[in-house]
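Take a look at the letters that make up each chain.
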Amino acid sequence: MSTLKFYLGLIKLIDSTSRELGLDSLTESDRQVLNMLWEVADQNTARSSLSYETFADMIDRKGIIVSRSQFFKSLKKLEDLALIKRIDGPRSSTYQLKAE
């Protein structure tokens, strides 16, 4: 029971923090894309290069499915929220993650 209580408390904390940061509009797909960008990011520069094919392969191993169109919608939303910034031109798949 204590594990369930911890889990529920963690969810409550995440929801609260998400609202405080203005990120409560992120969908599950948006969160998956942001999480994968973080996983593949160079931890010294917070730069990340992620194609849909690489992303799909990574999430497929975890049993998660995000369509190609949803992947690009999520990237656009993350850019609009200034969580990521595209680097090296408009067709580049390299992003700078927000440093804060």
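Look up: the structure comes first, before these words.
Computed from a prediction, not measured in an experiment: that's the story for all the values here. (Residues numbered from 1 in each chain as written. Predicted model: local features only at pLDDT ≥ 70, side-chain atom pairs only at ≥ 80, totals over all residues. Heavy atoms only, no water.)

Novice: Help me get a handle on the overall build of the protein, residues and values and all.
Specialist: On a plain count of helices and strands, the protein comes out with four helices and three strands. Along the protein, helices and strands appear, N-terminal first, in the series α-α-β-α-α-β-β. Projected onto the principal axes, the alpha-carbon positions of the protein cover approximately 50 × 30 × 25 Å. Within the protein, contacts between residues separated by at least 24 positions form 48% of all contacts whose residues are at least 6 apart in sequence. For the protein, the exposed surface amounts to about 7000 Å²; the carbon and sulfur share of it is 55%. (Helix = DSSP H or I, 4+ residues; strand = E, 2+ residues; numbered from the N terminus. Contact = heavy atoms within 4.5 Å. Areas by Shrake-Rupley, 256 points an atom, 1.4 Å probe, with all protein chains shown as cover.)

Novice: Talk me through the pattern of salt bridges; I want residue IDs and the actual numbers.
Specialist: Scanning the entire structure with this criterion turns up seven salt bridges. Across the pair Arg-31 and Glu-28 runs a salt bridge, and its minimum N-O distance is 3.3 Å. One end of the pair is Arg-31 and the other is Glu-28, both in helix α2 (residues 28–40) and three residues apart, which spans about a single turn. Between Glu-53 and Arg-68 there is a salt bridge; the shortest N-O distance is 3.1 Å. (Salt bridge = Lys/Arg side-chain N within 4 Å of Asp/Glu carboxyl O.)

Novice: I'd like to hear about the pairing of strand β3 (residues 94–97), residue by residue, with values.
Specialist: Walk down a regular strand and you will see the side chains alternate between the two sheet faces. With three bridges connecting them, strand β1 (residues 47–49) and β3 associate as antiparallel partners. Its bridge partner being in β3, Arg-47 is matched across the sheet by Gln-96. Relative to β3, strand β2 (residues 84–87) runs antiparallel, the two sharing four bridges. Pairing of Arg-86 across the sheet is with Tyr-95, part of β3. Taking the residues between adjacent antiparallel strands as the criterion, β2 and β3 are bridged by six residues, where Asp-88 takes a positive phi near 75 degrees. (Pairing = 2+ DSSP bridges.)

Novice: A description of the sheet that holds β2 should follow, citing residues and the corresponding values.
Specialist: With respect to topology, three strands assemble into an open sheet ordered β1-β3-β2, the strand pairing being antiparallel. The open sheet has two edge strands, β1 and β2, and neither has a second partner. Put simply, the sheet's adjacent strands are angled 35 degrees from each other on average, direction ignored. Packing against the sheet, α2 makes contact with β1, β2 and β3, and its axis sits at approximately 110 degrees to β1. (Axes fitted to C-alpha atoms, helices over the stretch in contact; angles between N-to-C directions.)

Novice: Tell me about the environment of Arg-61, residues and numbers included.
Specialist: Among the structural elements, Arg-61 can be located in the loop between α3 (52–60) and α4 (68–80). Of note is the side chain of Arg-61, whose polar atom sits 2.5 Å from the side chain of Asp-57. (Polar contact = N/O pair within 3.5 Å; in protein donor to acceptor, adjacent residues only side chain to side chain.)

None of this, on its own, says anything about what the molecule does.
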